[in-house]
Amino acid sequence: DGGITQSPKYLFRKEGQNVTLSCEQNLNHDAMYWYRQDPGQGLRLIYYSQIVNDFQKGDIAEGYSVSREKKESFPLTVTSAQKNPTAFYLCASSHWDNEQFFGPGTRLTVL
Amino acid sequence: QKEVEQNSGPLSVPEGAIASLNCTYSDRGSQSFFWYRQYSGKSPELIMSIYSNGDKEDGRFTAQLNKASQYVSLLIRDSQPSDSATYLCAVNSYFGNEKLTFGTGTRLTIIP
């Protein structure tokens, strides 16, 4: 089955911890994206990558980091510098036509 | 600042009627337009994409684009309770920029 997987589905973080969210796709898409969604709000872009070993900051990159060592994988680290990390995190990927397809999401809660 | 505006709703429509969802955008250079459906607690699902002026139909869904008015809409015919969801409009400026700008979504409720 082709698609985008994210893990874990739920994640709990203690104050001061870094956590890493996984995103993998087998659609052979070049571009991958990370979004954050808060209740009642739209999607806000954190980081995106159009090719391996290259990525750009989105609108709310502070407190987050990414890597793109493989075409299939685009992990997101939420660092302790992110002061309000509780949110629904969505990974997406796309071909050249810009149709973005989303994974199932990871719900992060700070304890 | 590129903006995409949607009426947040909620929009209530009787079962079997036509639901009309609207979206306006500020960047006149926008080239690609998308509608996503998001059920509560789930991730967005792409349901329509449109790139040129006019109508595009796919089953019960019709997307309408008017670039001169900077307006894109989604019509859902024969609305079903399973259409109850939040609908997100997304817009892209094609020239080398693959980022999408999303609206905040319209919550649609189909009343049986």
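The structure presented is a predicted model; accordingly, all values stated were derived computationally and were not measured. What you see as residue numbers is a count from 1 along each chain, following the sequence as written. Throughout, the order in which chains and ligands are written sets their labels, letters from A for the former and numbers from 1 for the latter. Per-residue local features are limited, in this predicted model, to residues with pLDDT of at least 70; the limit for side-chain atom pairs, both in listing and counting, is 80 or more; totals at the level of whole chains, interfaces and linings are taken over all residues. Side-chain metrics rest on all non-hydrogen atoms present in the structure, leaving aside hydrogens and water.

Engineer: In this structure, what is going on with the packing of aromatic side chains? I would like to understand it.
Structural biologist: Geometrically, a pair of aromatic rings is defined through the distance of the ring centres and the angle of the planes. Within 6.5 Å between ring centres, the rings of Phe, Tyr and Trp (the latter by its six-membered ring) count as paired, and their orientation is classed by plane angle as stacked under 30 degrees, edge-to-face over 60, tilted in between. Within this structure, the stated rule accounts for 11 aromatic pairs over all chains. Summarising the aromatic geometry, the rings of Tyr35(A) and Phe102(B) are spaced 5.4 Å apart at their centres and angled 85° between planes, so their arrangement reads as edge-to-face. Of this pair, Tyr35(A) sits in strand β4 (residues 31-37) while Phe102(B) sits in strand β10 (residues 100-102), placing the two residues on different chains. When sorted by exposure, Tyr35(A) lands in the same class as Phe102(B), which is buried. Each residue in the set Tyr33(A), Tyr35(A), Tyr48(A), Phe102(A), Tyr36(B) and Phe102(B) is aromatic and connected to the rest through ring pairs, giving one cluster. As a reminder, the over-ring test applies to NZ of lysine and CZ of arginine, requiring each to be within 6 Å of the ring centre and within 35 degrees of the ring normal. In this arrangement the basic side chain of Arg68(A) is found over the ring face of Phe74(A), its NZ or CZ atom lying 6.0 Å from the centre. In this structure, Arg107(A) packs its charged tip against the face of Phe88(A), placed 4.1 Å from the ring centre. Helix and strand labels come from DSSP, where a helix needs a run of H or I of at least four residues and a strand needs a run of E of at least two; each type is numbered from the N terminus. Burial classes: relative accessible area under 20% of the type maximum marks a residue as buried, over 50% as exposed, and values in between as partly exposed (1.4 Å probe, protein chains only).

Engineer: Whenever I open this one, unusual backbone geometry confuses me. Can you help?
Structural biologist: Comment: phi is negative for the bulk of residues other than glycine, and the bulk of peptide bonds are trans. Here the bond from Ser7(A) into Pro8(A) is cis, since omega is -5°, no more than 30 degrees from zero. Position of Pro8(A) among the secondary structure elements: in the loop between β1 (4-7) and β2 (10-13). The phi dihedral of Gln70(B) falls on the positive side, at around 55°, and the residue is not glycine. If you trace the backbone, Gln70(B) turns up in the loop between β7 (61-66) and β8 (71-76). Unusually for a residue other than glycine, Asp78(B) sits at a positive phi of about 50°.

Engineer: Would you mind going over the nonpolar core with me for this structure?
Structural biologist: In summary, soluble globular proteins display a tendency toward joint burial of nonpolar side chains. If you look at the biggest cluster of nonpolar residues, it comprises 23 residues, and the most contacted ones within it are Trp35(B), Val72(B), Leu74(B), Ile76(B) and Tyr87(B). Broken down by secondary-structure element, the contributors of at least two residues to this core are β3 (19-25), β4 (32-38), β5 (45-50), β7, β8, β9 (85-92) and β11 (106-111) of chain B. Should any heavy atoms of two residues lie within 4.5 Å, those residues are counted as being in contact. Every residue in contact with Val72(B), bar those within four places of it in the chain, is listed here: Leu21(B), Asn22(B), Cys23(B), Phe33(B), Trp35(B), Ile50(B), Gln64(B), Leu65(B) and Cys89(B). We define a nonpolar core as any set of buried Ala, Val, Leu, Ile, Met, Phe, Trp, Tyr and Cys residues linked to one another through side-chain atoms lying within 4.5 Å. Formed by 20 residues, the second largest nonpolar core is a distinct cluster that contains Met32(A), Trp34(A), Phe74(A) and Cys91(A).

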